[in-house]
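Results of the structural survey
Below, each chain spelled out in residue letters.
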Number of protein chains: 2
Amino acid sequence: MKLASLKAGGRDGSLVVVDRSLQSYVAVPEIAQTLQQALDDWSRAAPLLNAVSETLNAAGRDDASRLDYTALAAPLPRAFEFVDGSAYLPHVERVRRARGAEVPESFYSDPLMYQATSAGFLGPRDPVHVVSEDYGIDFEAEVVVVTDDVPMAITAGEAAAHVQLIGLINDVSLRNLIPAELAKGFGFLQSKPRSALSPVLVTPDELGPAWRDSVLHLPLRSWLNGRRFGEPEAGLDMQFNFAELVAHAAKTRPLTAGTLVGSGTVANQDESLGASCLAELRMLEIIEHGKPSTPFMSFGDTIRIEMLDHEGATIFGAIEQEIRPYVR
Amino acid sequence: MKLASLKAGGRDGSLVVVDRSLQSYVAVPEIAQTLQQALDDWSRAAPLLNAVSETLNAAGRDDASRLDYTALAAPLPRAFEFVDGSAYLPHVERVRRARGAEVPESFYSDPLMYQATSAGFLGPRDPVHVVSEDYGIDFEAEVVVVTDDVPMAITAGEAAAHVQLIGLINDVSLRNLIPAELAKGFGFLQSKPRSALSPVLVTPDELGPAWRDSVLHLPLRSWLNGRRFGEPEAGLDMQFNFAELVAHAAKTRPLTAGTLVGSGTVANQDESLGASCLAELRMLEIIEHGKPSTPFMSFGDTIRIEMLDHEGATIFGAIEQEIRPYVR
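Residues numbered from 1 in each chain as written. Chains lettered and ligands numbered in written order. Predicted model: local features only at pLDDT ≥ 70, side-chain atom pairs only at ≥ 80, totals over all residues. Heavy atoms only, no water.

**Considering the interface of chain A and chain B**
- Listed per partner, the contact involves 54 residues of chain A and 55 residues of chain B.
- Carbon and sulfur atoms make up 54% of the area that chain A and chain B hide from each other, which totals about 4900 Å².
- Per-residue buried area on chain A facing chain B is highest for A:Phe80, A:Lys184 and A:Phe186; these three make up 17% of the total on that side.
- Counting every contact that joins chain A to chain B gives 10 salt bridges.
- For B:Asp40, the salt bridge is made with A:Arg78, and the minimal N-O distance between the two is 3.0 Å.
- Here chain A is connected to chain B by 36 residue pairs in polar contact (both at pLDDT 80 or more). (Contact = heavy atoms within 4.5 Å. Buried area = accessible area lost by both parts, 1.4 Å probe. Salt bridge = Lys/Arg side-chain N within 4 Å of Asp/Glu carboxyl O. Polar contact = N/O pair within 3.5 Å; in protein donor to acceptor, adjacent residues only side chain to side chain.)

Set out below in structure tokens:
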């Protein structure tokens, strides 16, 4: 099934079930008013939501309405936890290569992951408001999963079954704030503001054979200002699968239902497939020419992130955002 | 007023108003079922909660019940954001001195702060479950504030009025996991598991003159295994006040109502007042004797954290926790 949240209904939006083709939706307040409520009681809610999804996909429903992406909040407008991995090592390797540094051996066995803000996710068509272009505005196209309750110290083998929903995320990054912030040693804070989620999150079964071994095996496509930017294969070069990322996050704490776990910027060894963020393109330019030639994003720039199935149909809908100046 | 949450009622508990002496409480479901609900609509809820508090403190109420600390969840059992500062520079200076490093000049003008887990806070009497004593189990006694909605890019002057509630926090730290985790460059994750909150959070007016200039001017007392461990003055040596910490967190994002902002381990230049965590005591031992003599916490150890007013009465109630082995 595919789930979304309308902006209407309050800070956590209103949960709706969306048909496979993303044309129509059905409100389900009698099952759960919000996606967080459904995840809090997933073993009860999931079969009920799935039954709605099956009738909607089979023959349509009289109570269905036409889906308008601009009326959508993020499927989880607020969440209690978001941890973002950096599982595609080609991305990490290029960052290091551009500054002449080695990748530590441990990076191939111990996932890189940071605690990210979860207090507000932007809707799929919400603009990204930034105070200044000098912050070095960048997108990062990633795959993200949502868990139910995960016990502390679970193994990766056990963690796989806790991935309940899958989607896309634009992990907005303020590149020029990163070096000083990381130099302080406490990780990202100001340099990683709110991210945006795809219009819908889907259950693993919606992905068929494209979801296997806790990895999503399809290209992740992004367009900058309407021009194709990259389409790296998310199924390649993912050093740690989502089960391993979930287990890493849960080593010393349980994960609350509705926790988001991100893949990190999707990147392949094969550079011809393009990148999933400007920083990576700029690093390739540095490696090749000594300095970057592509600027970071400016006000008015747009980013589109989408994943298509083997028939060319959109799976999660597209994230489409414009960068705008923040004015109080 | 003083607010708490009963464990009863679900994942977010049940909001109650507690009398000033922490003897009795009144349930307030007609105002808000949970503290998060109240914070989501604070301008409406706060005056209503305050009216209940005033009648409870003035003459008691027929609908009041006796307060049992063990029935309390954290006042915010789950929150959408927790950012923890490190505003007491003597703590930072000693960490650095113990390893022969300088404190960068920027640390005196730019707050240290990290994105922490907010998905679950332990109740004031909940045990701390840890997989292994080898993790280097430590407490950190801190002051924490809770904000209402804070606009992005607010000034510190504007931020002061967004501090709506104040409490104490035991920021549980797994010291032996920290060096490897920070060396990866992405901040704390596994080394900072769930923290515990004090029995109640209080509004600034409850603190009278002890709350001024966005700093709490009272000693923060901690006892390890029943023995006095430290009582540094929280009003001294706080390099950045809470208004400055809130503004730092909000530089590139709005803060959602119910965001927690921590002070970091309370520490004074005057070492005679003791410390607020074992790591700090061990650093003093390293500076004096070349190596630490006090071990980190073991299973069965207890920590008590409390703040008293000038009459010796408890303000927030005490955090009292035992370290226990985690068994699945």
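Having seen it, we continue.
**Comments concerning the sheet that holds strand 17 (residues 221-224) of chain B**
Residues and elements named next belong to chain B.
- Ordered in space as 8-21-20-17-18, the 5 strands form an open sheet in which the pairing is mixed. A single partner strand is all that each edge strand has here, and the edge strands are strand 8 (128-130) and strand 18 (227-230). On average, each strand axis in the sheet is inclined to that of its neighbour by 25 degrees, with strand direction left out of account.
- With 4 bridges connecting them, strand 17 and strand 20 (residues 302-306) associate as antiparallel partners. Note that in strand 20 the partner of serine 222 across the bridge is isoleucine 305. (Pairing = 2+ DSSP bridges. Helix = DSSP H or I, 4+ residues; strand = E, 2+ residues; numbered from the N terminus. Axes fitted to C-alpha atoms, helices over the stretch in contact; angles between N-to-C directions.)

**A word on the packing of helix 3 (residues 89-98) of chain B against helix 7 (residues 278-289) of chain B**
Residue and element names in this part refer to chain B.
- Following both chains from N to C, one finds helix 3 and helix 7 inclined at 45 degrees, their axes separated by 9 Å at the closest point. Here helix 3 is positioned oblique relative to helix 7, judged by the angle of their axes. Helix 7 is crossed by helix 3, and the crossing has left-handed handedness. On helix 7, the residues that touch His91, Arg94, Val95, Arg97 and Ala98 of helix 3 are Glu280, Met283, Leu284, Ile286 and Ile287.
- The residue inventory of the contact of helix 3 with helix 7, partitioned by class, reads 6 nonpolar, 1 polar and 3 charged. (Parallel < 35°, antiparallel > 145°, perpendicular 65-115°, else oblique. Left-handed = near helix turned anticlockwise from the far one by under 90°. Nonpolar A, V, L, I, M, F, W, Y, C, P; charged D, E, K, R; others polar.)

**What to know about the sheet that holds strand 8 (residues 128-130) of chain A**
Residue and element names in this part refer to chain A.
- Spatial ordering of the open sheet is given by 8-21-20-17-18, a layout of 5 strands whose pairing is mixed. Here the strands that pair on one side only, and so sit at the sheet edges, are strand 8 and strand 18 (227-230). Across the sheet, the mean angle from the axis of one strand to that of its neighbour is 25 degrees, orientation sign disregarded.

**A look at helix 3 (residues 89-98) of chain A**
- Buried residues of helix 3 of chain A: A:Leu89, A:Pro90, A:His91, A:Val92, A:Arg94 and A:Arg96, and no others.
- Within two residues after helix 3 of chain A, A:Gly100 carries a phi angle of roughly 70 degrees, on the positive side. (Buried < 20%, exposed > 50% of the residue type's maximum accessible area, 1.4 Å probe, protein only.)

**Observations concerning the pairing of strand 1 (residues 2-6) of chain B**
Residues and elements named next belong to chain B.
- Counting buried positions along strand 1 yields 5 of 5 residues, so the element is predominantly enclosed.
- On strand 1, burial covers both faces: Lys2, Ala4 and Leu6 on one face and Leu3 and Ser5 on the other are all buried.
- As defined by bridge partners, strand 1 adjoins strand 2 (residues 14-18) across 5 bridges and the pair is classed as antiparallel. Looking at strand 2, one finds that alanine 4 is bridged to valine 16.
- Strand direction decides the pairing type here: strand 1 and strand 14 (residues 201-202), joined by 2 bridges, are antiparallel. Each residue of the ladder has a partner; that of lysine 2, found in strand 14, is valine 202.

**Section: the pattern of salt bridges**
All names here are of chain B.
- According to the stated counting rule, one finds 48 salt bridges over all chains in the structure shown.
- Put simply, aspartate 41 and arginine 44 hold a salt bridge, and the shortest N to O gap is 2.5 Å.
- Residue classification places arginine 44 among the partly exposed residues on the basis of a relative accessible area of 36%.
- The salt bridge partner of glutamate 306 is arginine 304, with a shortest N-O separation of 2.6 Å.
- Overall, the relative accessible area of 8% leaves glutamate 306 in the buried class.

**Structural notes on unusual backbone geometry**
- The backbone phi angle of A:Ala153 is positive, close to 65 degrees, even though this residue is not glycine.
- Locating A:Ala153 in the fold gives a position in the loop between strand 10 (141-147) and helix 4 (156-159).
- A:Ala153 sits in the partly exposed class, given a relative accessible area of 30%.
- We note that B:Ser214 has phi near 60 degrees; this positive angle belongs to a residue other than glycine.
- Looking at where B:Ser214 falls in the secondary structure, it is placed in the loop between strand 15 (211-212) and strand 16 (215-216).

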